[in-house]
Amino acid sequence: MPANDPPFTAFRFDVTLDLDIATPGFTGPLCDAAFAECEGLEMTMQPRTVVVGGLNDGQVHLVGPVTHGQLTLRRGMTGNLQLWQWFTRGTRPGSVRTAHGTITLRSADGTPTLRFTLTRCLPVRMRAPALHARDGLIAVEELGLVYEHLDIALPDDTTPSAAPGAPATASLGGGSL
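Reading the values: the criteria
Every chain is numbered on its own, with residues counted from 1 as its sequence reads. Since the coordinates come from a predicted model, pLDDT governs what is reported: local features require at least 70, and pairs of side-chain atoms require 80 or more to be given and counted, while whole-chain, interface and lining totals use all residues. Heavy atoms throughout the structure, all of them, feed into the side-chain values; hydrogens and water do not. Secondary structure elements follow DSSP: runs of H or I no shorter than four residues count as helices, runs of E no shorter than two count as strands, and numbering proceeds from the N terminus. Contacts are residue-level and defined by heavy atoms, with any inter-residue pair within 4.5 Å sufficient. The buried label applies to any residue whose accessible area, calculated with a 1.4 Å probe on protein chains only, is under 20% of its type's maximum; exposed applies above 50%, and partly exposed to all values in between. What qualifies as a polar contact is a pair of N or O atoms within 3.5 Å, subject to a donor-acceptor requirement within protein and to the restriction that residues adjacent in sequence count only when both atoms come from side chains. Like-charged residues within 9 Å of one another, or nonpolar side chains (Val, Leu, Ile, Met, Phe, Trp, Tyr) within 5 Å, are grouped into patches, provided each residue has over 30% relative accessible area and no salt bridge. Per-residue and other accessible areas were derived by the Shrake-Rupley procedure at a 1.4 Å probe size, with only the shown protein chains allowed to occlude residues. Should a side-chain nitrogen of Lys or Arg be within 4 Å of a carboxyl oxygen of Asp or Glu, the pair is scored as a salt bridge. To form a nonpolar core, buried Ala, Val, Leu, Ile, Met, Phe, Trp, Tyr and Cys residues must be joined to one another through side-chain atoms within 4.5 Å.

Novice: Can you lay out the overall build of the protein chain for me, pointing to particular residues and giving the numbers?
Specialist: The number of helices and strands found in the protein chain is 1 helix and 12 strands. Counting helices and strands in the order they occur from the N terminus, the protein chain gives β-β-β-β-β-β-β-α-β-β-β-β-β. Excluding contacts between residues fewer than 6 apart, the proportion of contacts in the protein chain whose partners are at least 24 apart in sequence is 64%.

Dropping the structure here:
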């Protein structure tokens, strides 16, 4: 990184989630919110180790399955109840709907600096905060999501993604739950 480039800052980010399939009762994005914390953007590759006959001083490591973390978003504010409705409907047999989304990191002046793209997300935890009047916005204390694929890209990156249906990004991994 050249000396005149500002460092990435992780204290400003936007979260957007949309259903993969249009569903009656849901309009626009499920989530277009700001959260105070985000953790769980992770991938782990489990290598396959092969012992080769005649190679007595080592082994060969091959690429194995990739697993992804559980995304946890904390202390969020949004203007609608669709996240809560998505979670509630998703607990009924036959009505599970996956979503895709982006987490965009912004610089101190608000310029997008980095974009994470998540595909085939499912909600696994919703928690409300203590109830206080807050400018008419709906608060989410904690939202937990599992996801099947994670991509990362610069905001202007147009490299095609390996994940079907995802926006153009540079792919970092794939796998399934």
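Novice: Tell me what's going on with the side chain of S107, and back it up with residues and numbers.
Specialist: Summarising the element assignment, S107 is placed in the loop between β8 (99–106) and β9 (112–127). Assessed through its relative accessible area of 15%, S107 is described here as buried. Among the polar contacts listed, one links the side chain of S107 to the side chain of D109, at a separation of 2.4 Å.

Novice: Lay out a nonpolar patch on the surface with the relevant residues and their values.
Specialist: The grouping of V50, V52, L55, V60 and L62 at the surface amounts to a nonpolar patch, some 330 Å² of accessible area in total. Relative to the assigned elements, V52 resides in the loop between β4 (48–50) and β5 (60–62).

Novice: I'd like a description of the nonpolar core, backed by residues and values.
Specialist: The biggest cluster of nonpolar side chains holds 26 residues, and the ones touching the most others in it are L17, F35, W86 and L143. When residues of this core are traced back to their parent elements, those giving at least two are β1 (13–19), β2 (31–39), β7 (70–78), α1 (82–90), β8, β9 and β10 (138–146). Take this core: its biggest share by element is 5 residues, from β9. Residue contacts for W86: discarding those within four places in its chain leaves L17, L19, F26, L30, R97, T98, A99, C121, L122, P123 and L145.

Novice: Residue-level account of the pattern of salt bridges, with values.
Specialist: Summed over the entire model, instances satisfying the criterion amount to 10 salt bridges. When the shortest N-O distance is used, the salt bridge between E39 and R74 registers 3.0 Å. A residue pair is termed long-range when its members are at least 10 positions apart, and E39 in strand β2 and R74 in strand β7 qualify at 35 residues. Judged by its relative accessible area of 43%, E39 falls in the partly exposed class. Among the ionic pairs, E141 bridges to R75, the shortest N-O distance being 3.8 Å. Taken together, the positions of E141 in strand β10 and R75 in strand β7 put the pair 66 residues apart, joining distant regions of the chain. Each member of the salt-bridge network shares a partner with another, and the members are E37, E39, R74, R75, R125, R127, E141 and E142.

Novice: Go over the side chain of T104, please, and point to the residues and values.
Specialist: Relative to the helices and strands, T104 resides in strand β8. Not counting residues within four places of it along the chain, the set of residues in contact with T104 comprises R12, F13, D14, P112, L114 and R115.

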